[in-house]
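Survey of secondary and tertiary structure
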Amino acid sequence: MNRVPFLAERLQGFGTTIFAEMSGLALATGAINLGQGFPDTDGPAEVLEAAIAAMRSGANQYPPGTGVPALRRAISDHQQRFYGLSFDPDTEVLVTAGATEAIAASLLSLVDPGDEVIVFEPMYDSYSACISMAGGVRVPVLLNAPDYAVDLTALRHAVTPRTKAILVNSPHNPTGKVFSRLELSAIAELAVKHDLLVISDEVYEHLVFEGEHVPMAALPGMRDRTVTISSGGKSFSFTGWKVGWACASAALVSAIRTAKQFLTYVNGSGFQEGIAVGLGLPDTYFMDFAADMKSKRDRLSSGLAAAGFAVMPTSGTYFVTADITPFGEVDGYEFCRQLPHRCGVVAVPNVVFYDNKTVGQSLVRFAFCKRHAVIDEACDRLATLQGSGL
Ligand code: PMP
Ligand code: GLN
């Protein structure tokens, strides 16, 4: 590993995120960007107009530290409406600068140096960096392809007297796995048994195509030991607005807020007003959003298969994983670096989401949150790969 000058020890090895690297490559080459997960169309017009109207009418200064009242109320109502969960908007909801800040503030405020945090790998990249910044130790538990089932024996073995929390992400980035109720219940039972916290990253809660989204906080014994994290960026296709949130007991929110207030303090008052309107949209919005994304998943998955990839099933999120071994290639990172030059498409190598580098080596993630015409063009380009060799 190359040492980066000046960079503190705990951040050595984290380098530049794969999303910045691959989006930079897309810009430099003009390739179709199926790497970083962001939609190429705006979210609902009502949400956009609400944010613009809020800014025009003066929502341009620091909002309250926990978030604007309308958004906290809308988050609380959303948890009640979709999951029957009750959170006090004044004490049990915290608005953050994207889910990213909710994750960072949770880990920085809840993890002491030396505490262990169990994470399922492959894992979203900010988890390991934030655990490290908190001085914690990540303990990976492997989800095995192709179905990425939770290995309960491995999970039980991962718990030690130093375990502080389990970090769960369902629907799961990068695999698209939706954890089953049975799996989540087993994780919950273990958390209760060992008195552990669970940090539950549910940013893709409204992008489930098969199965159901089971919020961790709804399981027995979990409400007061779970930090539920979500993102307005994901649910309303406004990723650049960076409005996220955490719901948890008043005691947990108060702890997390302590870290949060020294990270960004607050963010995006006008955007928060817009997302508040989004959370109140009728059920049809959420159903149409998932149906549209499901059709895109099907389109990209069949295009990838036709192009010669071994395509993994994906039940949620924006992402599908494909194996490059049918091309006689094994190095997913090198494949992704070459892909824009070979055929004008950008993807992300799954290996960056693994500690166990051999497992994810030949896997590549493609984002399907793009217009149908863009997906079709990307598939046509990828179809030219066969026989082109590295
Ligand atoms: N968690 C997961 C699993 C993600 O994929 C992302 C990426 N968008 C985030 C958190 C961060 O969300 P936000 O953009 O709201 O910070
Ligand atoms: N969550 C997005 C993804 O997985 C990227 C967000 C980011 O760039 N940090 O593609």
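The structure reproduced in this document is the subject of the present report. (Residues numbered from 1 in each chain as written. Chains lettered and ligands numbered in written order. Predicted model: local features only at pLDDT ≥ 70, side-chain atom pairs only at ≥ 80, totals over all residues. Heavy atoms only, no water.)

1. Focus on the overall build of the protein chain
Scanning the protein chain for helices and strands turns up 14 helices and 13 strands. Its C-alpha atoms give the protein chain a radius of gyration of 20 Å, near enough to 21 Å, the size a compact globule of 390 residues would have. Taken over the C-alpha atoms alone, the protein chain extends approximately 60 × 50 × 45 Å along its principal axes. In the protein chain, which comprises 390 residues, the share counted as buried stands at 57%. Sequence separation of at least 24 residues holds for 75% of the intrachain contacts in the protein chain that already meet a minimum separation of 6. Considering the protein chain, the positive charge centre built from 30 side chains and the negative charge centre built from 40 side chains are found 3 Å apart. (Helix = DSSP H or I, 4+ residues; strand = E, 2+ residues; numbered from the N terminus. Rg over C-alpha atoms; globule rule 2.2 N^0.38 Å. Buried < 20%, exposed > 50% of the residue type's maximum accessible area, 1.4 Å probe, protein only. Contact = heavy atoms within 4.5 Å. Lys, Arg positive; Asp, Glu negative; His and termini not counted. Charge placed at Lys NZ, Arg CZ, Asp CG, Glu CD.)

2. Considerations on the side chain of Glu329
Note on placement: Glu329 falls in the loop between strand 10 (319–323) and helix 12 (332–343). Given the relative accessible area of 6%, Glu329 is considered buried.

3. Quick word on the site of ligand 2
As a matter of local geometry, ligand 2 sits amid Phe19, Gln36, Gly37, Tyr124, Asn173, Tyr204, Lys234, Phe319 and Arg365. Residue Gln36 places a side-chain N or O atom 2.7 Å away from an oxygen atom belonging to ligand 2. A distance of 2.9 Å separates an oxygen atom of ligand 2 from a polar side-chain atom of Asn173. Protein burial of ligand 2: of its 300 Å² of free accessible surface, 80% is covered by the chains. In a pocket analysis with a 2 Å cut-off to the grid points, ligand 2 is assigned to the second largest pocket. Taken together, the residues of the shell around ligand 2 break down into 4 nonpolar, 3 polar and 2 charged. (Near = heavy atom within 4 Å. Polar contact = N/O pair within 3.5 Å; in protein donor to acceptor, adjacent residues only side chain to side chain. Areas by Shrake-Rupley, 256 points an atom, 1.4 Å probe, with all protein chains shown as cover. 1 Å grid on protein atoms, 1.4 Å probe; cavity = no way out; pocket = protein on both sides within 12 Å on 5 of 7 lines; lining within 4 Å. Sits in = over half its atoms within 2 Å of the grid points. Nonpolar A, V, L, I, M, F, W, Y, C, P; charged D, E, K, R; others polar.)

4. Overview of the packing of helix 1 (residues 18–29) against helix 12
At a closest axis distance of 9 Å, the pairing of helix 1 and helix 12 adopts a crossing angle of 20 degrees. Of the possible angle classes, the one that applies to helix 1 and helix 12 is roughly parallel. Crossing angle aside, the handedness with which helix 1 passes helix 12 is right-handed. Residue-level inspection shows Ile18, Glu21, Met22, Leu25 and Thr29 of helix 1 in contact with helix 12, the latter providing Tyr333, Cys336, Arg337, Pro340 and His341. Its residues assigned to classes, the contact of helix 1 with helix 12 shows 6 nonpolar, 2 polar and 2 charged. (Axes fitted to C-alpha atoms, helices over the stretch in contact; angles between N-to-C directions. Parallel < 35°, antiparallel > 145°, perpendicular 65-115°, else oblique. Left-handed = near helix turned anticlockwise from the far one by under 90°.)

5. Some remarks on the site of ligand 1
In the vicinity of ligand 1 there are 14 residues, among which Thr100, Asp201, Tyr204, Lys234 and Lys242 approach most closely. Asn173 places a side-chain nitrogen or oxygen 2.7 Å from an oxygen atom of ligand 1. With respect to ligand 1, the side chain of Ser231 contributes an N or O atom lying 2.7 Å from an oxygen atom. Summarising the interface, the protein chains cover 94% of the accessible area of ligand 1, which totals 390 Å² for the free molecule. Under a 2 Å grid-point criterion requiring more than half of the atoms, the pocket assigned to ligand 1 is the second largest pocket. For the shell around ligand 1, the element with the highest residue contribution is helix 4 (residues 98–110), accounting for 4 residues. Class assignment of the residues belonging to the shell around ligand 1 gives a composition of 6 nonpolar, 5 polar and 3 charged.

6. With respect to the nonpolar core
Core analysis: the largest hydrophobic core is formed by 96 residues, its most contacted members being Phe309, Phe366 and Leu382. Other than its neighbours up to four places away in sequence, Leu382 contacts Leu304, Ala307, Phe309, Leu339, Cys343, Val345 and Phe366. By size, the runner-up hydrophobic cluster in this structure holds 27 residues, among which are Ile118, Val141, Val198 and Met222. (Core = buried A, V, L, I, M, F, W, Y, C linked by side-chain atoms within 4.5 Å.)

7. With respect to a nonpolar patch on the surface
Taken together, the side chains of Leu108, Met133 and Leu263 present a nonpolar region at the surface, about 230 Å² in accessible area. Within the fold, Leu108 resides in helix 4. Overall, Leu108 belongs to the partly exposed group, its relative accessible area being 32%. (Patch = residues over 30% accessible without salt bridge, like charges linked within 9 Å, V, L, I, M, F, W, Y side chains within 5 Å. Salt bridge = Lys/Arg side-chain N within 4 Å of Asp/Glu carboxyl O.)

8. Remarks on the pairing of strand 2 (residues 93–97)
Taking burial as the measure, the 5 residues of strand 2 include 5 buried ones, the bulk of the element. Note: strand 2 against strand 8 (residues 243–247), 5 bridges, orientation antiparallel. Residue Leu94 lies in a different strand from strand 8, and its bridge partner there is Ala246. (Pairing = 2+ DSSP bridges.)

9. Regarding the layout of surface pockets
In this model, the largest pocket occupies a volume close to 760 Å³. Those elements that provide at least two residues to the lining of the largest pocket are helix 1, helix 5 (125–133) and helix 12. Residue composition of the lining of the largest pocket, grouped by class: 12 nonpolar, 7 polar and 6 charged. Within this model, the second largest pocket holds a volume of roughly 500 Å³. What lines the second largest pocket is a set of 26 residues, and nearest its centre among them are Gly37, Thr100, Tyr124, Lys234 and Lys242. (Points joined across faces, edges and corners; volume = space filled by probe spheres on them.)

10. Some thoughts on the sheet that holds strand 9 (residues 310–311)
Hydrogen bonds between backbone groups are what pair the strands of a sheet, and the pairing can be parallel or antiparallel. Pairing within the open sheet is antiparallel, and its 4 strands lie in the order 9-10-13-12. The open sheet has two edge strands, strand 9 and strand 12 (348–349), and neither has a second partner.

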